[in-house]
Amino acid sequence: HAKDAGRNVIRFFDPVMQTAIENRAALENDLHTALEERQFELFYQIQVDRDGRAEGAEVLLRWRHPQRGLVSPAQFIPLAEDTGLIVPIGEWVLDTVCAQIAKWQGEQRNLVIAVNVSAKQFRQSNFVELVQQIIQRHQVSPALLKLELTESLVLDNIQDTIDKMKVLKAFGVSFSMDDFGTGYSSLSYLKQLPLDQIKIDQSFVRDIATDKTDLVMVKTIVDLGVNFEMDVIAEGVESEVQLGLLKQCGCSRFQGYLFSKPVPVEAFELLIKGDTVGQA
Ligand code: C2E
Ligand code: MG
Ligand code: MG
Ligand code: MG
């Protein structure tokens, strides 16, 4: 009986929830060995300018689970955060990305590669040194690495955020604010952050053609970015109609299925060979 269980014991009797919890526990268990078993892969999603020219890419982590197939980051990143595994996983991502940048650098392809950084990873006391060491080890230009931070990460400890961003920024790394508009944005902190870019969340792009509020939101974010001398990229661009409206709003960079889904590195290299992507 729930009564007998005591106040601080949570009892699960919902079979759906029970399954979800067991599933989570199993995934967590597998996550511990995923790195050494080399089950992670990096996918690249192209980012284009107003003329449709490739100017960079976002790196998106994929977990190829031996039984489950590809597991979405939406499922395992929160787990990796909770367990602290995001720290070694995040280091692997940065190291692998910089190795790739070094290769492209040698081929005279100067694409800026954006990497998602999680809160726990960013808060590590050695995060700045780690990024610098990885960049130096691979001898890549820091200008080719962009770090994507979220609003919640930034706001969680604004002073630590600013301190770390400033050092890395002086080192040459650039910063983008991911999922912009979904968090508790405030103009006062935006001004303090050495950001190079804001990224309009895909939730505003999705209904931009039908929802006036979203269109106004996008226009406002773009104006904000322009006034603060940051470039503005829209994510989740899936249609020509959305692209047209985003351009009308003054948006300067675009990412989404209209141009390409995130793809393995070999497919990405084929994609950028053509340079111009989509009908933009
Ligand atoms: P995010 O950084 O906001 O990444 C954008 C997400 O939107 C990606 O989902 C991408 O595949 C998806 N997407 C791109 N274009 C479109 C489009 O046109 N339509 C739609 N509907 N979706 C689009 P994904 O790859 O599942 O990643 C989900 C989230 O997982 C990311 O959101 C990011 O927060 C996190 N993540 C991914 N890779 C990493 C990583 O290496 N480290 C950390 N810490 N987090 C990561
Ligand atoms: Mg991102
Ligand atoms: Mg995003
Ligand atoms: Mg997101």
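Further up the page is the structure itself.
What counts and what doesn't
- Residues numbered from 1 in each chain as written.
- Chains lettered and ligands numbered in written order.
- Predicted model: local features only at pLDDT ≥ 70, side-chain atom pairs only at ≥ 80, totals over all residues.
- Heavy atoms only, no water.
- Helix = DSSP H or I, 4+ residues; strand = E, 2+ residues; numbered from the N terminus.
- Rg over C-alpha atoms; globule rule 2.2 N^0.38 Å.
- Buried < 20%, exposed > 50% of the residue type's maximum accessible area, 1.4 Å probe, protein only.
- Contact = heavy atoms within 4.5 Å.
- Lys, Arg positive; Asp, Glu negative; His and termini not counted.
- Charge placed at Lys NZ, Arg CZ, Asp CG, Glu CD.
- Core = buried A, V, L, I, M, F, W, Y, C linked by side-chain atoms within 4.5 Å.
- Donors = N, O, S within 2.8 Å, 3.2 Å for Na, K, Ca; no water.
- Expected span 1.5 Å × (residues − 1).
- Arc of directions from axis to C-beta.
- Polar contact = N/O pair within 3.5 Å; in protein donor to acceptor, adjacent residues only side chain to side chain.
- Pairing = 2+ DSSP bridges.

Take the overall build of the chain next. A count of helices and strands for the chain gives twelve helices and ten strands. The C-alpha radius of gyration computed for the chain amounts to 20 Å, which stays within 12% of the reference 19 Å derived for 280 residues, consistent with globular compactness. Structurally, the chain occupies a C-alpha span of about 65 × 45 × 40 Å along its principal axes. Within the chain, the fraction of its 280 residues that count as buried is 46%. Across the chain, contacts joining residues at least 24 apart in sequence account for 67% of those joining residues at least 6 apart. The average position of the 28 basic charges and that of the 39 acidic charges among the side chains of the chain differ by 1 Å.

Attention shifts here to the nonpolar core. Of all hydrophobic cores here, the largest spans 80 residues; its most connected members are Tyr44, Val97 and Leu147. When residues in this core are grouped by element, the largest group, eight residues, is from helix α3 (residues 86-106). Excluding its chain neighbours within four sequence positions, the residues that come into contact with valine 97 are Leu42, Tyr44, Val59, Ile113, Val115 and Leu145.

What follows covers the coordination of the magnesium ion (ligand 3). At the metal site, the magnesium ion (ligand 3) is ligated by Asp178 (OD), Asp179 (OD), Glu235 (OE) and Glu235 (OE), and these contacts range over 2.1 to 2.5 Å. One chain supplies every donor for the magnesium ion (ligand 3), spaced along it as D-D-x55-E. A spacing of 4.0 Å is found between the magnesium ion (ligand 3) and the magnesium ion (ligand 2), which share aspartate 178 as a donor. Taken as a pair, aspartate 178 in strand β6 (residues 174-180) and glutamate 235 in the loop between β8 (231-234) and α11 (240-248) lie far apart in primary sequence, 57 residues in all. The same class applies to aspartate 178 as to glutamate 235, namely buried.

What follows covers helix α1 (residues 15-34). In this model, α1 (20 residues) spans 28 Å end to end at C-alpha, consistent with the 28 Å of a helix rising 1.5 Å per residue. Turning to α1, its buried residues are Leu27, Leu31 and Ala34. One side of α1 holds all its buried residues, which, seen down the axis, span an arc of 50 degrees. Summarising the geometry of α1, the exposed residues directed more than 90 degrees from the buried face are Pro15 and Asn29. If you follow the buried residues of α1, they end up packed against β1 (40-48), β2 (54-65), β3 (69-71), α2 (73-83) and α3. Near the N-terminus of α1, the side chain that reaches the backbone nitrogen of valine 16, with its oxygen 2.9 Å away, is that of aspartate 14.

The next subject is the environment of glycine 256. As for its position among the elements, glycine 256 is in the loop between β9 (253-254) and β10 (263-264). Classification of glycine 256 by relative accessible area gives buried; the value is 3%. Spatially, the C-alpha atom of glycine 256 lies 9.0 Å from that of glutamine 202, the residues being 54 residues apart in sequence. Contacts of glycine 256, omitting those with residues within four sequence positions, involve Gln45, Gly236 and Val237.

With that settled, consider the pairing of strand β5 (residues 145-150). By the criterion of burial, β5 is predominantly enclosed, with five of the six residues buried. Looking at chain direction, strand β4 (residues 112-116) and β5 are connected through four bridges and run parallel. Paired with alanine 114 across the bridge in β5 is lysine 146. Bridge analysis of β5 against β6 gives five bridges, and the strand direction is parallel. Note on β6: the bridge partner recorded for glutamate 148 is serine 176.

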